[in-house]
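Examining the three-dimensional arrangement
The lines below spell out each chain.
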Amino acid sequence: MKKVEKILKNNVFIDERTHKYYLNGIEVEKPSVTKLMDLLPHHVFDTSFAKTSEGKQILEFGIIRGLHLHKIAEDFINNGVEKSCCQTYSHAEMKDWLIWVLNKIAIDFPESEGWEIISELSMIGKEYVGTLDILIINSKLKKYVIGDIKTTKLLAKNKEALQVVLYNELLKERFKEVKFSNFQLQSYFVINCNNINKQIYLIDDETLENALKEKDEIFSILKSLKS
């Protein structure tokens, strides 16, 4: 495990079947980032199509495809291992492109210059939990970049921006816990890993500003629910 990764990572286990978080073997009963976003009705994912058998199959295939591609990224970042693809869930066509993107990230943020690339960083905050797909961090420069991998065909930049902003709030909490001070966020990026919207993009200032407002709105709702 890399130096910064070892400092930031807790003994967190996630049950992928139930999406429950456990810290040192004890279940953490806090909402996830996804559940927080559902507090804003316009960000709720419509699964009504899954009421039919065909729709249910499409949803299940999409979930499995997403899990597979995230696992491919995790293994490649952590171990340099390029996993072979299962043809069953039609994700093989994106595997080579995703590996190309991850190689490009490694070139743009070289280890020789102090950068570390961390995959699947699970965090438990005061109010909620979440797992960050990609954290690129440099402890010498005190800079970091947050990345997210999306595998759905739907392009939802406002929702994706809100998600990474919420991850950043968790990360800032974690920084305080391990006494990382004055680290500066350099940028957010999203990897859209599907054939229809295959692209890498940065979160622009206007979208980010809207996401920050929505984050404050969510925190306000959380506060009202406690009172």
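Residues numbered from 1 in each chain as written. Predicted model: local features only at pLDDT ≥ 70, side-chain atom pairs only at ≥ 80, totals over all residues. Heavy atoms only, no water.

1. Comments concerning the packing of aromatic side chains
- Taken as a whole, this structure holds seven aromatic pairs when the rule is applied.
- Taken together, a centroid distance of 5.3 Å and an interplanar angle of 40° make the contact between Phe175 and Phe183 tilted.
- Under the relative-accessibility criterion, Phe183 is labelled buried at 12%.
- Taking 4.9 Å as the distance between ring centres and 10° as the angle between the ring planes, the aromatic pair formed by Phe180 and Phe183 counts as stacked. (Phe/Tyr/Trp six-rings, centres within 6.5 Å; stacked < 30°, edge-to-face > 60°. Buried < 20%, exposed > 50% of the residue type's maximum accessible area, 1.4 Å probe, protein only.)

2. A look at the sheet that holds strand S4 (residues 115-124)
- Ordered in space as S4-S5-S6-S7-S8, the five strands form an open sheet in which the pairing is mixed. Edge positions in the sheet fall to S4 and strand S8 (199-202), since each of these pairs with one other strand and no more. Pairs of neighbouring strands in the sheet enclose a mean axial angle of 30°, with direction left out of account.
- As paired elements, strand S7 (residues 184-192) and S8 share four bridges and run antiparallel to each other. Bridge pairing in S8 links Val190 to Tyr201.
- The sheet contacts of helix H5 (residues 157-177) involve S4, strand S5 (129-138), strand S6 (143-150), S7 and S8, and relative to S6 the element is tilted by about 135°. (Pairing = 2+ DSSP bridges. Helix = DSSP H or I, 4+ residues; strand = E, 2+ residues; numbered from the N terminus. Axes fitted to C-alpha atoms, helices over the stretch in contact; angles between N-to-C directions. Contact = heavy atoms within 4.5 Å.)

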